[in-house]
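The residues making up each chain are set out below.
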Amino acid sequence: MISFNKEQIFLVTGASSGLGEGTALLLNELGATVVGIARNEERLNAMKAKCKYPENMHLEIKDLTEDIENLPQYVKELKNKYGKFSGMAYCAGISNVSPLQSLDFKYTKKMFDINYFAPVFLTKGFIDRRNNVGKGTSIVAISSIAAIKCDKGHLSYSGAKAALSSSMKAIAREVASQGIRINCVLPSMIATPMTLNPDIKDLDQNKINTNEYPFGWGEVSDVANMIVYLLSDKAKFISGQNYVIDSGGVI
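Presented here is an overview of the structure given in this document. (Residues numbered from 1 in each chain as written. Predicted model: local features only at pLDDT ≥ 70, side-chain atom pairs only at ≥ 80, totals over all residues. Heavy atoms only, no water.)

**A short note on the packing of aromatic side chains**
The test is simple: Centre distance within 6.5 Å is the pairing criterion for rings of Phe, Tyr and Trp, where only the six-membered ring of Trp is used; planes under 30 degrees apart are then read as stacked, over 60 as edge-to-face, and the remainder as tilted. Under the scheme applied here, a residue whose accessible area is under 20% of the maximum for its type counts as buried, over 50% as exposed, and between as partly exposed, the area being computed with a 1.4 Å probe on protein chains only. Over a ring means this: the NZ of a Lys or the CZ of an Arg is within 6 Å of the ring centre and within 35 degrees of the ring normal.
The full count for this structure, using the stated rule, is 5 aromatic pairs. Ring geometry for Phe112 versus Phe117: centroids 6.4 Å apart, planes at 50 degrees, classification tilted. On the basis of relative accessibility, which here comes to 33%, the residue Phe117 falls in the partly exposed class. Members of the aromatic cluster, connected to one another through ring pairs, are Phe112, Tyr116 and Phe117. Over the face of the ring belonging to Tyr74 we find Lys62, whose NZ or CZ atom lies 4.6 Å from the ring centre.

Below you can see the structure in the form of structure tokens.
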């Protein structure tokens, strides 16, 4: 059974909804101290209201894309405030459809800022020996099945997630000597507020392709359980991997 103690502090981004919320709540339920980061204060407070141990849930309101270059300094500030970190789950992200004909640089940069540059620069700060507990530290980033199985119109999103998966694998090799583990999870369709948005077309759960999703859409807990496992010492022999969570679909 996986368990943590309150001295183990985990940073969770995108903690106000979806996979970030599910991961933050599960870590808290299992005994860890969580620092949840998101832009929306109201939704962050709503997440905290659901947690089992509110005294071990700390909230930080921040847009991670507003000053990406200084995210390593931000990690240091959080360490000074809460203590050295045992792990991080990077769950913030956005997705949209934009075919090549309508693609512009501003849109592409927005995709890469939140889905690639922000997690990489946060990781740069996180692996600083002054900011983590050393051996046993674990980082998990949410990539996407789109990194290896691309749909039309998703070139920016798929590109950002593919870059993230490859870069985190490379970083994992860099920091192995420090005892730090880094892995990615690559979900397919998970029922979250983003994917269930009625304004987004072609995401009707009742019209899914059963060949691609033989078990149906995934739930937040399906991904959160994998993230928490990889953050725990139960996965102490695992690093530099990309775990596909795709309802048994054929890649």
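Read on for the rest.
**Quick look at a positive patch on the surface**
Under the convention used in this document: Every patch collects residues that have over 30% relative accessible area and no salt bridge, joining them within 9 Å if they carry like charges and within 5 Å if they are nonpolar side chains (Val, Leu, Ile, Met, Phe, Trp, Tyr). A 1.4 Å probe and the Shrake-Rupley method give the accessible areas. Residues count as covered only by the protein chains that appear here. For this document, the term salt bridge refers to a Lys or Arg side-chain nitrogen within 4 Å of an Asp or Glu carboxyl oxygen. Positive: Lys, Arg. Negative: Asp, Glu. His and the chain ends are not part of the count. All charge positions are set by atom: Lys at NZ, Arg at CZ, Asp at CG, Glu at CD. To qualify as a helix, a DSSP run of H or I must reach at least 4 residues; to qualify as a strand, a run of E must reach at least 2; elements of each kind are numbered from the N terminus.
Together, Arg39, Arg43, Lys106 and Lys110 give the surface a local cluster of positive charge. Its place among the elements puts Lys106 in helix 4 (residues 105-126). For Lys106, a relative accessible area of 72% translates into the label exposed.

**Considerations on the layout of surface pockets**
So the rule is basically this: Using protein atoms alone on a 1 Å grid, points that fit a 1.4 Å probe yet trap it form a cavity, whereas open point sets bounded by protein on both sides within 12 Å along at least five of seven lines form a pocket; residues with an atom within 4 Å of a point count as lining. Grid points are joined across faces, edges and corners, and a volume is the space filled by probe spheres set on the points.
Taken as a whole, the second largest pocket spans an internal volume of roughly 200 Å³. Taken together, Lys135, Gly136, Ala176, Gly179, Ile180, Arg181, Asp233, Lys236 and Ser239 form the lining of the second largest pocket.

**Regarding the environment of Asn70**
Mapped onto the elements, Asn70 comes out in the loop between strand 3 (57-61) and helix 3 (71-82). Spatially, the C-alpha atoms of Asn70 and Gly125 are 9.0 Å apart, while their sequence positions differ by 55 residues.

**Examining the side chain of Asn131**
Let me state the cut-off plainly: Two N or O atoms form a polar contact when they lie within 3.5 Å of each other; inside protein one atom must be a possible hydrogen donor and the other a possible acceptor, and for residues adjacent in sequence the pair counts only when both atoms belong to side chains. Residues count as neighbours in contact if any of their non-hydrogen atoms are within 4.5 Å of one another.
Position of Asn131 relative to the elements: it lies in the loop between helix 4 and strand 5 (138-142). Look at Asn131 and you get buried, because its relative accessible area is 2%. Separated by 2.9 Å, the side chain of Asn131 and the backbone oxygen of Gly125 make a polar contact. What Asn131 contacts, discounting residues up to four positions off in sequence, is Val75, Lys76, Lys79, Lys84, Phe85, Gly125 and Phe126.

**Notes on the side chain of Lys79**
Locating Lys79 in the fold gives a position in helix 3. Despite being buried, Lys79 has no salt bridge partner; Asp128 is the closest side chain of opposite charge, sitting 7.7 Å away. At 3.0 Å, the side chain of Lys79 forms a polar contact with the side chain of Asn80.

**Observations regarding the packing of helix 1 (residues 18-29) against helix 6 (residues 220-231)**
Selection rule: Note on geometry: axes are lines fitted to C-alpha atoms, helical ones only across the stretch in contact, with angles between N-to-C directions running from 0 to 180 degrees. Here the angle decides the label: under 35 degrees means roughly parallel, over 145 means roughly antiparallel, 65 to 115 means roughly perpendicular, and every other value means oblique. When the near helix sits turned anticlockwise from the far one by under a right angle, the crossing is termed left-handed; a clockwise turn instead gives a right-handed crossing. As a working rule, the residues Ala, Val, Leu, Ile, Met, Phe, Trp, Tyr, Cys and Pro are called nonpolar, Asp, Glu, Lys and Arg charged, and the rest polar, with Gly in that last group.
Where helix 1 meets helix 6, the axes come as close as 9 Å, and the angle between the chain directions of the two elements is 55 degrees. Here helix 1 lies oblique to helix 6, going by the angle between them. Here the hand of the crossing between helix 1 and helix 6 comes out right-handed. Only Val220, Val223, Ala224, Asn225, Ile227, Val228 and Leu231 of helix 6 make contact with helix 1, whose side of the interface consists of Gly18, Leu19, Gly22, Thr23, Leu26 and Leu27. Grouping the constituent residues of the contact of helix 1 with helix 6 by class yields 9 nonpolar, 4 polar and no charged.

**Some words on the environment of His58**
Within the secondary structure, His58 is located in strand 3. For the pair His58 and Thr33, spaced 25 residues apart in the sequence, the C-alpha separation amounts to 7.9 Å. Excluding residues within four positions of it along the chain, His58 makes contact with Thr33, Val34, Val35, Gly36 and Tyr82.

**A closer look at the nonpolar core**
For the record, the criterion: We call a set of buried Ala, Val, Leu, Ile, Met, Phe, Trp, Tyr and Cys residues a nonpolar core when their side-chain atoms join them within 4.5 Å.
Membership of the largest hydrophobic core comes to 35 residues, with the highest contact counts inside it found for Leu11, Leu64, Tyr90, Leu122, Met168 and Ile182. Broken down by secondary-structure element, the contributors of at least two residues to this core are strand 1 (9-13), strand 2 (33-38), helix 3, strand 4 (87-90), helix 4, strand 5, helix 5 (155-175) and strand 6 (181-187). When sequence neighbours within four positions are dropped, the list of residues in contact with Met168 reads Thr123, Ile139, Ala141, Ile182 and Cys184. Grouped together as the second largest cluster of nonpolar side chains are 34 residues, Ile2, Phe4, Ala38 and Ala224 included.

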